[in-house]
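Observations on the model geometry
Chain by chain, the residues run as shown.
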Amino acid sequence: MTKMQYNRHTLVHIIVAALVCFPCAARQYRIDSQQQFDTLRNSTFLPGDSILFKRDVKFSGMFAPSGKGTEQMPIRIDVYGSGERPRIDALGRHKAGLFLKDVSYWEVNGLEITNTDGTDVDQGQLFGIYVVACGSEGTYRHVYINDCYIHDINGKVAGKKRGGIHVHVEGLDATIFDDLRITNNRIERIGGVGIGNTSSCGRVEFRDNDEIAHYLWTRVYVAGNFVSHTGRNNIIARVSKDAVYERNILAHSSRYSTGHSIFCFNTDGIKMQYNEAYGNVGAGGIDRGGFDADYNCVNTFIQYNYSHDNHWFCGIMKRRNRHVIIRYNISQNDQEGIYFCGFEKTRDARDIHIYNNTHFVR
C-alpha cells in the first residue's frame, strides 16, 4: 500500500468512527408565526430534532409532521418564551390540531389545542391530538404526551373513537404500541372521549379453558390527567397488557350519552388505581358509574380509587370477564347504588373478588 493509499484508508476509518461516536448535530426549529407554522406543518424531522412553539402565539390549522426518532435521540415538540401556552386552533376543519402518523420516539409537551367551529353540532371525527399507526406492520415505540391543555373539541356530541387525546392502530393485522405515556394533561369540554385508544388487531380471545392475548400494547401509562365535561366517557382503556391508569381526576363524564367515567376493554392485567371520579349523573343512569370492569378482559384491578357523586361506584360486566379484583376503594354519595352488573341475563363472568371497600351512603 502506498503512503497516499494508507492515508486515504486511515482517513475513511477516522470519518466513520467520528460519525458513530458523534452523530450529526440535532436541529432546532422555532415556530413563532403562522408563516413558520405553515412552512413546517408537514415537514419530516430527524432524530434529535426539536420543534419549539413560542408562547403567547396562536396558530390555526393542523400540525402534521412526520419522521422517526431513536431511543437515544427522540424528536421533541416543546415550547419556549414566556406567557400563555402556544395555541393551535384547528377550527373544526381538520382531523386534529396535532396529527402524528406512523411515528416512534416522539415527545410532545406544553401545547394548547382546540378543534371546533364554535357550534354545538357534530363536526365529524375530530381530535385534539391524534396519533395513528396505519402504514407498515410492527411495533411503534415511545410516544409521550405530557402537560398539554386540550379543550373545546367538536360540538356537544358523543362517540367513542374521537375526542381529546387518542392513539389508534387502524387497518393493520399485527401491530402494537410500546411505551406510550399520556401524563399531566388537562382535557375539558370534549365531544367524544377525553383519552382513548383502540386497535384493529389487539384483542383477548376467550377459549374453553383459558384466554390468549393478540397484539396487546405494552408499557402503557396514563396518569395525572384532569379530564372533565366529555361527550362520552372520560377515559377508555383498551388493548393493553399490564397497563397502569392512575392518579387521574375524572369529572362530569358522558354529557351527551351514557358511559362510565373510565372502563377497560380487551385488556390483560390493567390497574386502575388512585383515581378520583365524580359528577357522572344524568339520564340512563345504570351506565353512569365512576369505574367499570368491562368484558373481554382478564386480570383487572380496580383499587385505591375515590368515587363520589356519581350514579354508581362501579360496574361489573357479566359477559366474558375473568379474574376481577375490586378492593380498597372509597365510594361516597353515589346516588343510585354502589355496584351495577351489566348484561344481567348473561352468566359468563368468572372469578370476581370484591373486598375491603368503604361505602358512605345516605
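To be clear, the structure that these remarks concern was listed above.
Residues numbered from 1 in each chain as written. Predicted model: local features only at pLDDT ≥ 70, side-chain atom pairs only at ≥ 80, totals over all residues. Heavy atoms only, no water.

1. Overview of the sheet that holds strand β20 (residues 235-238)
Adjacent strands of a sheet form backbone hydrogen bonds with each other and so pair up, either parallel or antiparallel. Strands sit in the order β6-β9-β12-β15-β20-β24-β27-β30-β33 across an open sheet of nine strands; the sheet is parallel. The open sheet has two edge strands with one neighbour each: β6 (98-101) and β33 (339-342). For this sheet, the mean angle separating the axes of adjacent strands, direction not counted, is 15 degrees. Where strand β30 (residues 312-317) meets β33, four bridges bridge the pair, whose relative direction is parallel. Across the sheet, the residue bridging to isoleucine 316 is cysteine 341, located in β33. (Pairing = 2+ DSSP bridges. Helix = DSSP H or I, 4+ residues; strand = E, 2+ residues; numbered from the N terminus. Axes fitted to C-alpha atoms, helices over the stretch in contact; angles between N-to-C directions.)

2. Overview of the nonpolar core
With 71 residues, the main nonpolar core has Phe53, Phe63, Leu111 and Tyr245 as its most contacted residues. Examining the composition of this core, we find that four residues originate from one element, strand β13 (residues 175-183), more than from any other. The residues contacting phenylalanine 63, other than those within four sequence positions of it, are Ile31, Phe37, Leu40, Arg41, Ile51, Phe53, Ile77, Ile88, Gly97, Leu98 and Phe99. Counting eight residues, the second-largest nonpolar core is a separate cluster that includes Ile236, Phe265, Met317 and Phe340. (Core = buried A, V, L, I, M, F, W, Y, C linked by side-chain atoms within 4.5 Å. Buried < 20%, exposed > 50% of the residue type's maximum accessible area, 1.4 Å probe, protein only. Contact = heavy atoms within 4.5 Å.)

3. Some points on the sheet that holds strand β14 (residues 186-190)
Ordered in space as β3-β5-β8-β11-β14-β19-β23-β26-β29-β32-β35, the eleven strands form an open sheet in which the pairing is parallel. Two strands lie at the open edges of the sheet, namely β3 (58-60) and β35 (358-360), each paired on one side alone. In this sheet, neighbouring strand axes are inclined to one another by 10 degrees on average, regardless of whether the strands run parallel or antiparallel. Judged from the three bridges that link them, strand β26 (residues 276-278) and strand β29 (residues 306-308) form a sheet pairing that is parallel. Paired with glutamate 276 across the two strands is tyrosine 306, which belongs to β29.

4. Points about empty space enclosed by the protein
Throughout the structure, instances matching the rule amount to one cavity of 30 Å³ or more. Quantified by volume, the largest cavity comes out at close to 40 Å³. For the largest cavity, the full set of lining residues is Leu180, Ile182, Ile195, Gly196, Asn197, Val222, Ile236 and Tyr245. Secondary structure elements with two or more residues in the lining of the largest cavity: β13 and β15 (193-199). The element contributing the most residues to the lining of the largest cavity is β15, with three residues. Classifying every residue of the lining of the largest cavity gives six nonpolar, two polar and no charged. (1 Å grid on protein atoms, 1.4 Å probe; cavity = no way out; pocket = protein on both sides within 12 Å on 5 of 7 lines; lining within 4 Å. Points joined across faces, edges and corners; volume = space filled by probe spheres on them. Nonpolar A, V, L, I, M, F, W, Y, C, P; charged D, E, K, R; others polar.)

5. Quick look at the pattern of salt bridges
Counting across every chain of the model gives 16 salt bridges. Where arginine 219 meets aspartate 178, a salt bridge forms, and the shortest distance between an N and an O atom there is 2.6 Å. Of this pair, arginine 219 sits in strand β18 (residues 217-223) while aspartate 178 sits in strand β13, and the two are 41 residues apart along the sequence. For arginine 219, a relative accessible area of 53% corresponds to the exposed category. A single salt-bridge network, built from bridges that share partners, covers Asp152, Arg186, Glu188 and Arg189. (Salt bridge = Lys/Arg side-chain N within 4 Å of Asp/Glu carboxyl O.)

6. With respect to the pairing of strand β24 (residues 262-265)
Burial along β24 is two-sided: the face carrying Ile262 and Cys264 and the face carrying Phe263 and Phe265 are both buried. Both β20 and β24 contribute to a ladder of four bridges, which runs parallel. Within β24, the residue paired with isoleucine 235 across the bridge is isoleucine 262. Looking at chain direction, β24 and strand β27 (residues 289-293) are connected through two bridges and run parallel. When the bridges of β27 are listed, isoleucine 262 appears paired with phenylalanine 291.

7. Here's the deal with the side chain of serine 261
Mapping serine 261 onto the fold places it in the loop between β23 (249-251) and β24. Within the structure, the side chain of serine 261 is placed 3.4 Å from the side chain of asparagine 280, a separation counted as a polar contact. Not counting the four nearest positions on each side in its chain, serine 261 is found in contact with Asn233, Asn234, Ile235, Leu250, Ser253, Ala277, Asn280, Gly289, Gly290 and Asn310. (Polar contact = N/O pair within 3.5 Å; in protein donor to acceptor, adjacent residues only side chain to side chain.)

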